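Below, each chain spelled out in residue letters.
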Amino acid sequence: MRNEDLLLIPGPTPVVDSIYDALGEETRAHTDPRFVSRFKKAIERTKRILNTDGEVFIVAGSGTLAMEMALVNTIAPGEKLLIISHGYFGDRFIKLGQAFGIHIDLLQAEWGKQVDLKHVKEHLEKNQYKAVTVTHADTSTGVQASLGELIPLIKQHGALAIVDGVCATTAMPEDMQHNYAGPDTAIDIVLTGSQKAIGVPPGVGIVAFSQAALKARNEMKSVSAYYCDIHNWIPVMHDPSKYFATPPVNMICALEEGLRIVEEEGLKERYERHKAYGRAVRSALRVYGMVPLAEEKDAAPTLSCIYYPEGVDDAAFRAELAKEGVILSGALAHLAGKAFRIGHMGNTTPDMLETAIRKIGEALQKCGHEAAVEEAVSALQETLGSLSIN
Ligand SMILES: *Cc1c(COP(=O)(O)O)cnc(C)c1O
């Protein structure tokens, strides 16, 4: 491993050597057949992973660009969007929608909880929404959304279901042809970025559109976008030797390798591994008196937001850990200083998690707190072991 630090923030996540190798390949012409075939493979892999019958778009940008592409290509100004938000990233759709003159209704959960289904139902019954956004795993709170309950509700009320998978795609199920409850109850759009659960450096935005989502774009004569207009990208995604705007050649090679790793592992195995990681990390941290913000049933497999025990100074603790090469994130908004966030997704290994649990315990001790390091490591291993993860 070329990495010196253990990057356990909720993205970017640890990058493995084969991905660095792909990223460091010679920069070729975007029309070079050797590159074009890599781009094609990346598109095919994305289509298989999300199992879409529509189109995928892979463009230079971050997750936020992918969010923008999802909204601007499906919801016309003045049409209605319902935002189901479990935190900071769910809320990001508010500003995005406003920027495009979209009419917004917002359902916000108390931080650490999921939005009450009853409220979702009420809103859907009273209003005609063009689309509803759901953040699969909100990176500010570590709360996951129950797609199995939300997607059928959304679809039965005739709205498009848009899933923000930036902290979830490839680590949590997002099969776009899976009907959650009866016909026409599948996800319409999944949007994501390269740097979180996929485990590739930041720089690529990915969006998949179902046939229904593509139809929504076709029904609008024009959209308030140029780079983000999927109609400009469809010819490129069908034939990547075509030019619309220069693709991030090296990043697409890195993404193709990242997706190869995903497919080699297998989606089912990857989902199980992430579930185990989430449970294991949280049970280990509980040994240190560190309590997750979310209840286990609502907690995301990919990252956790964890309260400090009484008296731990956030900045001092994370600085101590950083000296040891373990990088964690602070919490956002009103939780800043009171909690931290730890990512456990993508190409993170059980060994990395064990190192992190040890170093977190040692950093606590250095900050003058008690920490039963061996007990915490056992709790981690027990949970990982019980799910036959090695
Ligand atoms: C990180 C994140 C985003 C924003 O992605 P960027 O790549 O930072 O633009 C959006 N949604 C979720 C759920 C995220 O975790």
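Throughout this description, residue numbers start from 1 for each chain and increase along the sequence as written. Since the coordinates come from a predicted model, pLDDT governs what is reported: local features require at least 70, and pairs of side-chain atoms require 80 or more to be given and counted, while whole-chain, interface and lining totals use all residues. Heavy atoms throughout the structure, all of them, feed into the side-chain values; hydrogens and water do not.

- As annotated in an unreviewed UniProt entry, the protein chain carries the name Alanine--glyoxylate aminotransferase family protein and comes from Sporosarcina jeotgali.
- UniProt positions are given in the numbering used here, feature names are shortened, and annotations may be inferred rather than shown by experiment. Turning to the protein chain, the UniProt record has this under Sequence similarities (unreviewed entry): "Belongs to the class-V pyridoxal-phosphate-dependent aminotransferase family."
- Taken directly from UniProt, the Cofactor (unreviewed entry) text for the protein chain runs: "pyridoxal 5'-phosphate".

### With respect to the sheet that holds strand β8 (residues 160-164)
Phase 1 of the analysis: When DSSP finds at least two bridges between two strands, those strands are taken to pair. The way it works is that DSSP assigns letters per residue, a run of H or I at least four long becomes a helix, a run of E at least two long becomes a strand, and they are numbered from the N terminus. The strand order across the open sheet formed by seven strands is β2-β10-β9-β8-β5-β3-β4, and the pairing between neighbours is mixed. What marks the edges here is a single partner per strand, and that holds for β2 (55-60) and β4 (103-108). The average angle at which neighbouring strand axes cross in this sheet is 15°, direction not considered.
Phase 2 of the analysis: Bridge count between strand β3 (residues 80-85) and strand β5 (residues 131-135): four bridges; the pairing is parallel. Within β5, the residue paired with L82 across the bridge is V132.
Phase 3 of the analysis: By the convention used here, residues are in contact when the closest approach between their heavy atoms is within 4.5 Å. Every axis corresponds to a line fitted to the C-alpha atoms, with the helix fit spanning only the stretch in contact, and the corresponding angles, defined between N-to-C directions, vary from 0 to 180 degrees. Across the sheet, helix α6 (residues 147-156) touches β3, β5 and β8, and the angle it forms with β8 is around 150°.

### Focus on the environment of T302
Phase 1 of the analysis: Along the chain, the position of T302 falls in the loop between β11 (291-292) and β12 (303-307).
Phase 2 of the analysis: Residue T302 is classed as buried on the basis of its relative accessible area of 0%.
Phase 3 of the analysis: Once residues lying within four places of it in the same chain are set aside, the contact partners of T302 are A137, C167, A168, A171, M172, H274, G343, H344 and M345. For the exposure calls, accessible area comes from a 1.4 Å probe over protein chains only, and a residue counts as buried if that area is under 20% of its type's maximum, exposed if over 50%, partly exposed in between.

### Some points on the pattern of salt bridges
Phase 1 of the analysis: Any carboxyl oxygen of Asp or Glu within 4 Å of a side-chain nitrogen of Lys or Arg constitutes a salt bridge here. For the structure on display, the rule yields 29 salt bridges.
Phase 2 of the analysis: Residues E257 and R260 are paired through a salt bridge, measuring 2.9 Å at the closest nitrogen-oxygen approach. Placement of the pair is E257 and R260 together in helix α9 (residues 249-265), with a separation of three residues, close to one helical turn.
Phase 3 of the analysis: Judged by its relative accessible area of 29%, R260 falls in the partly exposed class.
Phase 4 of the analysis: Ionic contacts of the salt-bridge type, sharing partners, join the residues E25, R38, R45, R48, E256 and E263 into one network.

### Comments concerning the pairing of strand β9 (residues 189-193)
Phase 1 of the analysis: With five of five residues buried, β9 lies mostly within the body of the structure.
Phase 2 of the analysis: Here β9 shows a buried face lined by I189, L191 and G193 and a second buried face lined by V190 and T192.

### Examining the domain arrangement of the protein chain
Phase 1 of the analysis: Assigned domains of the protein chain: these are domain 1 (17-264) and domain 2 (266-386).
Phase 2 of the analysis: All domain edges in this entry derive from an automatic or database-based domain assignment. For domain 1 and domain 2, the distance between their C-alpha centres works out to 28 Å.
Phase 3 of the analysis: Contacts between the two partners involve 29 residues from domain 1, matched on the other side by 24 residues from domain 2.
Phase 4 of the analysis: The tally of links between domain 1 and domain 2 comes to zero salt bridges.
Phase 5 of the analysis: Residues adjacent in sequence count toward polar contacts only when both atoms are side-chain atoms; beyond that, a polar contact is any pair of N or O atoms within 3.5 Å, and within protein one must be able to donate a hydrogen and the other to accept it. The interface formed by domain 1 and domain 2 contains 12 residue pairs in polar contact (both at pLDDT 80 or more).
Phase 6 of the analysis: Of all elements in the fold, only β6 (137-138), β7 (143-144) and α9 reach the threshold of two or more residues within the side of domain 1 that touches domain 2.

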